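What follows is the residue order along each chain.
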Amino acid sequence: MENSVYSIEILSSGKYESWEFEDRQKRDAFFEKVSSQFKEQKVKEQEDDIDDTQIVQLSSNNLEIKDDGKYDQDTSYEWFEYDIFSKMLDFINQEYDKLG
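Since we're looking at a predicted model, the values are computed, not measured. Each chain has its residues counted from 1, following the order in which its sequence is written. For this predicted model, a pLDDT threshold of at least 70 governs which residues receive local features, and a threshold of 80 or more governs which side-chain atom pairs are given and counted, while totals over whole chains, interfaces and linings are taken from all residues. Heavy atoms from the whole structure form the basis of all side-chain values; hydrogens and water molecules are not counted.

*Asks:* Could you clarify how one ought to interpret the sheet that holds strand 2 (residues 15-21) in this entry?
*Replies:* Sheet strands line up and pair through hydrogen bonds in the backbone, either parallel or antiparallel. One open sheet accounts for four strands, arranged 2-1-3-4; its pairing is antiparallel. Strand pairing shows two members of the sheet lacking a second neighbour, strand 2 and strand 4 (71-81), which therefore form its edges. Recorded for the sheet is a direction-independent mean angle of 20° between the axes of neighbouring strands. Bridge count between strand 3 (residues 55-65) and strand 4: 11 bridges; the pairing is antiparallel. Directly across from Leu63, in strand 4, lies its bridge partner Gln73. It only takes one pair of heavy atoms within 4.5 Å for two residues to be counted as in contact. In this analysis an axis means a line fitted to C-alpha atoms, helices contributing only their contacting stretch, and an angle means the value between N-to-C directions, from 0 to 180 degrees. Every helix listed is a DSSP run of H or I at least four residues long, and every strand listed is a run of E at least two residues long, numbered separately from the N terminus. Each of strand 1 (3-12), strand 2, strand 3 and strand 4 is contacted by helix 2 (residues 85-99), which is oriented at about 20° to strand 2, the strand it contacts most. The pairing criterion is simple: DSSP has to find at least two bridges between the two strands.

Put into structure tokens, the structure is as follows:
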């Protein structure tokens, strides 16, 4: 039996929060809702050597744990201006609570 974990995370300057979803479709829809809400603050150029104190990273994670203990994981992410961390956190918490 495989176990799967679908989550979104935000990370900025050592601050980290994570939320789990029961299936991939709900998580994907939620990720798009958050991304759309903050689209004006999205960082257009994602550079490999950017200082993480200058961005908020919104990640979408899929973790599938197989019976033999091996796992598959893939992550996608988008970057936003660093000063929206608190606003994004508040928005995610409010919308996540609505999913009840």
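*Asks:* Please clarify how the pairing of strand 3 should be interpreted in this entry.
*Replies:* Working note: regular strand, side chains alternate between the two faces of the sheet. By the criterion of burial, strand 3 is predominantly enclosed, with eight of the 11 residues buried. Relative to strand 3, strand 1 is paired through nine bridges, and the arrangement is antiparallel. When the bridges of strand 3 are listed, Tyr6 appears paired with Asn62. Counting the residues that bridge the hairpin from strand 3 to strand 4 gives five residues, and of these Gly69 lies at a positive phi of roughly 90°. The buried label goes to any residue with under 20% of its type's maximum accessible area, the exposed label to any with over 50%, and the partly exposed label to all in between, with areas taken from a 1.4 Å probe on protein chains only.

*Asks:* Would you explain helix 1 (residues 24-37) in this entry?
*Replies:* Because an α-helix completes one turn every 3.6 residues, residues spaced three or four positions apart along the sequence face the same direction. One less than the number of residues in a helix, times 1.5 Å, gives the span that helix is expected to have. Here helix 1 contains 14 residues, and its C-alpha end-to-end distance of 20 Å stays within 8% of the 20 Å for a straight helix at 1.5 Å per residue. On its buried side, helix 1 packs onto strand 1, strand 2, strand 3, strand 4 and helix 2. Here a polar contact means two N or O atoms within 3.5 Å. Within protein one must be a hydrogen donor candidate and the other an acceptor candidate, and residues neighboring in sequence count only if both atoms are side-chain atoms. At the N-terminal boundary of helix 1, the capping side chain belongs to Asp23, with an oxygen 3.2 Å from the backbone nitrogen of Gln25.

*Asks:* How should I be thinking about the pairing of strand 1 in this particular structure?
*Replies:* Pairing between strand 1 and strand 2: seven bridges, direction antiparallel. Across the sheet, residue Ser7 finds its bridge partner in strand 2, namely Glu20. Here strand 1 hands over to strand 2 after two residues, with Ser13 in that stretch at a positive phi of 50°.

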